[in-house]
Amino acid sequence: MRRFQQYIDGAFDDGSGRFDSIDPATGAVWAEMPEAREVDVDRAVTAAERALWSGPWAAMTATQRGKLLYRLADLVAANAQELAELETRDTGKIIRETSAQIAYVADYYRYYAGLADKIEGAYLPIDKADMDVWLRREPVGVVAAIVPWNSQLFLSAVKLGPALAAGCTLVVKASEDGPAPLLAFARLVQEAGFPAGVVNILTGFGPACGSALTCHPKIAHIAFTGGPGTAAAVVRNSAENLASTSLELGGKSPFVVFADADLESAANAQVSGIFAATGQSCVAGSRLIVEASIKERFLAILKSRAEAIRIGSPLDMATEVGPLCTSRQRALIETVVEASLKAGARLVTGGATPGTSGFYYPPTVIDCDGVSAASVETELFGPVLSVLSFETEEEAVRLANDTRFGLASGVFTTNLARAHRMVKRIRAGVVWVNTYRAVSPIAPFGGFGQSGHGREGGLAAALDYTRTKTVWVRTSDDPIPDPFVMR
Ligand code: NDP
């Protein structure tokens, strides 16, 4: 059985408790994880605060910070296969996807390595002749970075990269489900040469470990990715320390297909949007909104694609859909699909849990037209597509926006003017036109409404990890004039 350790203040240890990690492909225990409790969290935050204000990190130039990030990027690239195998083993996410994603994670670190010495302050053209005034951009402080179980290396990179470029120090909390890759990544942080305390990586149970971290008085910013319910608890916790927050939450993203679209291409994108990562993706295009005149034709294509998907061991490069990460998640999916079918939705394909070990659920399509089905509203985080249809563009817009979420969306049409109208009218942080599920370190990412606030990726994300200090310098040798009049 593999044993993992937590990383605090530049050293590895076993944590205050231990817990088992389950292999989702078999349902069996495969590794033992360190459980961080309040005392471990406090040690980590204290180390991060010390590293922020004193020692080598505090004294480094931005260029030196960038060099450390470049080194980390190279190490991630060199160890991508090993990290991918760990993520696949611990979360069930297929190796085909984890290999490609982790190789790309290196590019996120490279992007922010290059940005480190381009985070500039400003000189202000102040309206007083005897003053020089400028803004310094300083790190916001100690950051609590919290990630969910899917794509932990990717979701931590979009926090660590900009925060380290900005000069912050961090305590990263991996999810208790599938923490192996992030705990293993800590060795690369150490090898890259980040001083002790700059990056601390631990895991533990959400309410205990997560609350201790988000309430901690020394935390200045909380970068959270997870579900909206947990986000509400995190925001309540931040009332204790008044930390700022950035929240990347869930979605129920619309995937709108007009009759003039290239249907083969749209079907490929829809398959990627809902069945890739076994649907465990925050941007899953889980609501297909298709023009009524092509609905049956499009569903026939989707049905044949879904039924041809290779389901199997996530460690097999040929597998296209693996298990869900937890049995808890599968139970939610089963309940909601069953309730939706009972409410009158029509099963197009899938829907039955196989009798194998492991947390498998098949690619599923449900036609929910004219039915009030729970699957249309609930984020299932699994391979389940709910289908609705429309007659007019107005109706397509209304259905697309009929959600409390607003993370991502897709529009498929060959009509350029219509594509632009849809881009303007859809309420979501990302609109993909004639494509889906594309990401880049250069492009900001984040949601509207219950999908959260703040953006990850791009220059603005690095600025979010800074705060400005306004500096006033009087340049006159004359005595200060009337002290009772504000200047
Ligand atoms: P959760 O919200 O359950 O958990 C997210 C993280 O928060 C985990 O590390 C969890 O720890 C921790 N946590 C739990 N309770 C607390 C608490 N009281 N205080 C602080 N931290 C806590 O999400 P899931 O793990 O179920 O992940 C799925 C969700 O994440 C979906 O809604 C999905 O859409 C969203 N997501 C959003 C993305 C985006 O970029 N917008 C990307 C990927 C996922 P533990 O796991 O140990 O309980």
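Residues numbered from 1 in each chain as written. Predicted model: local features only at pLDDT ≥ 70, side-chain atom pairs only at ≥ 80, totals over all residues. Heavy atoms only, no water.

Asks: Looking at this structure, I do not really get the layout of surface pockets. What am I missing?
Replies: Unoccupied space between atoms shows up once a probe the size of one water molecule is rolled over them. Approximately 480 Å³ is the volume found for the second largest pocket. Taken together, 20 residues make up the lining of the second largest pocket; nearest its centre are Arg 65, Arg 136, Arg 137, Glu 138 and Pro 139. The set of elements that each furnish at least two residues to the lining of the second largest pocket consists of helix H1 (38-53), helix H2 (56-59), helix H3 (62-78), strand S7 (131-139) and strand S21 (466-474). Here the lining of the second largest pocket is built from residues that sort into 11 nonpolar, 2 polar and 7 charged. (1 Å grid on protein atoms, 1.4 Å probe; cavity = no way out; pocket = protein on both sides within 12 Å on 5 of 7 lines; lining within 4 Å. Points joined across faces, edges and corners; volume = space filled by probe spheres on them. Helix = DSSP H or I, 4+ residues; strand = E, 2+ residues; numbered from the N terminus. Nonpolar A, V, L, I, M, F, W, Y, C, P; charged D, E, K, R; others polar.)

Asks: Would you mind showing me how to read the sheet that holds strand S1 (residues 2-3) here?
Replies: Two pairing modes exist for strands in a sheet, parallel and antiparallel, and in both the strands are linked by backbone hydrogen bonds. If you trace the 3 strands from one edge of the open sheet to the other, you get S1-S5-S4, paired in mixed fashion. Strands at the two margins of the open sheet, each flanked by one partner only, are S1 and strand S4 (17-23). Inspection of the sheet shows S1 paired to strand S5 (residues 28-35) by 2 bridges, in the parallel sense. Along S5, the bridge assignment pairs Arg 2 with Ala 31. (Pairing = 2+ DSSP bridges.)

Asks: Even after reading the chapter, I still don't get the site of the ligand, so can you show me in this structure?
Replies: By nearness alone, 29 residues border the ligand, and Ser 175, Glu 176, Thr 230, Leu 249 and Glu 379 come closest of all. Between Glu 176 and the ligand, the recorded distance is 2.5 Å, taken from a side-chain N or O atom to an oxygen atom. Taken by itself the ligand offers 900 Å² of open surface, and the protein chains cover 89% of this. For the shell around the ligand, the secondary structure elements donating two or more residues are helix H8 (206-215), strand S11 (219-225) and helix H9 (228-241). (Near = heavy atom within 4 Å. Polar contact = N/O pair within 3.5 Å; in protein donor to acceptor, adjacent residues only side chain to side chain. Areas by Shrake-Rupley, 256 points an atom, 1.4 Å probe, with all protein chains shown as cover.)

Asks: Explain the packing of aromatic side chains here, please?
Replies: Centre distance and the angle of the planes are the two values used to describe a pair of aromatic rings. According to the stated counting rule, one finds 13 aromatic pairs in the structure shown. Summarising the aromatic geometry, the rings of Phe 258 and Phe 390 are spaced 5.2 Å apart at their centres and angled 70 degrees between planes, so their arrangement reads as edge-to-face. Here Phe 258, found in the loop between strand S13 (254-257) and helix H10 (263-275), pairs with Phe 390, found in strand S17 (residues 384-390); they are 132 residues apart in sequence, far enough to count as distant. Like Phe 258, the residue Phe 390 is buried in the burial classification. The rings of Phe 255, Phe 412, Trp 432 and Tyr 436 are connected pair by pair, giving a single aromatic cluster. The residue whose ring lies beneath Arg 187 is Phe 12, and the NZ or CZ to ring-centre distance is 4.0 Å. The ring of Phe 258 carries the charged tip of Arg 418 above its face, separated from the ring centre by 4.3 Å. (Phe/Tyr/Trp six-rings, centres within 6.5 Å; stacked < 30°, edge-to-face > 60°. Buried < 20%, exposed > 50% of the residue type's maximum accessible area, 1.4 Å probe, protein only. Lys NZ or Arg CZ within 6 Å of the ring centre and 35° of its normal.)

Asks: Hey, could you run me through the environment of Thr 91 in this one?
Replies: Considering the arrangement of structural elements, one finds Thr 91 in helix H4 (residues 80-91). When its relative accessible area of 3% is taken as the criterion, Thr 91 is described as buried. Discounting chain neighbours no more than four positions away, the residues touching Thr 91 are Pro 24, Trp 149, Gly 178, Leu 324 and Cys 325. Engagement of the side chain of Thr 91 in a polar contact is seen with the backbone oxygen of Glu 87, the distance being 2.7 Å. Within polar-contact distance, the side chain of Thr 91 engages the backbone nitrogen of Lys 93 at 3.2 Å. (Contact = heavy atoms within 4.5 Å.)

Asks: Just checking my understanding: could you explain the domain arrangement of the protein chain for this structure?
Replies: One frequently used descriptor of interface size is the decrease in accessible area upon assembly of the parts. For the protein chain, the domain assignment lists domain 1 (2-249 + 447-472) and domain 2 (254-433). Its C-alpha centre places domain 1 at a distance of 31 Å from the equivalent point of domain 2. Every contact between the two is made by 29 residues of domain 1 and, on the other side, 33 residues of domain 2. Both sides of the domain 1 and domain 2 interface together cover about 2400 Å² of buried area, and 62% of this is carbon and sulfur. The largest share of the area that domain 1 buries against domain 2 comes from Ile 94, Arg 96 and Trp 149, three residues that together contribute 25% of it. Counting every contact that joins domain 1 to domain 2 gives 2 salt bridges. (Domains from an automatic or database assignment. Buried area = accessible area lost by both parts, 1.4 Å probe. Salt bridge = Lys/Arg side-chain N within 4 Å of Asp/Glu carboxyl O.)

Asks: I would appreciate a short explanation of the sheet that holds S7 in the present structure.
Replies: The strand order across the open sheet formed by 3 strands is S6-S7-S21, and the pairing between neighbours is antiparallel. On the outer flanks of this sheet lie strand S6 (122-124) and S21, each paired with one strand and no other. Averaged over neighbouring strand pairs, the angle between their axes works out to 25 degrees when direction is ignored. In this sheet, S7 lies alongside S6 in antiparallel orientation, the contact comprising 3 bridges. When the bridges of S7 are listed, Leu 124 appears paired with Val 133. (Axes fitted to C-alpha atoms, helices over the stretch in contact; angles between N-to-C directions.)

Asks: Any chance you could explain the packing of helix H5 (residues 95-115) against helix H6 (residues 152-165) here in plain terms?
Replies: Relative placement of two packed helices is described by the angle separating their axes and the distance separating the axes. With their axes 9 Å apart at the nearest point, H5 and H6 run at an angle of 10 degrees to one another. Overall, the two elements H5 and H6 adopt an arrangement that is roughly parallel. For the pair H5 and H6, the contacting residues are Gln 101, Ile 102, Val 105, Tyr 108, Tyr 109 and Tyr 112 in the first and Leu 153, Phe 154, Ser 156, Ala 157, Val 158, Leu 160, Gly 161, Pro 162 and Ala 165 in the second. (Parallel < 35°, antiparallel > 145°, perpendicular 65-115°, else oblique.)

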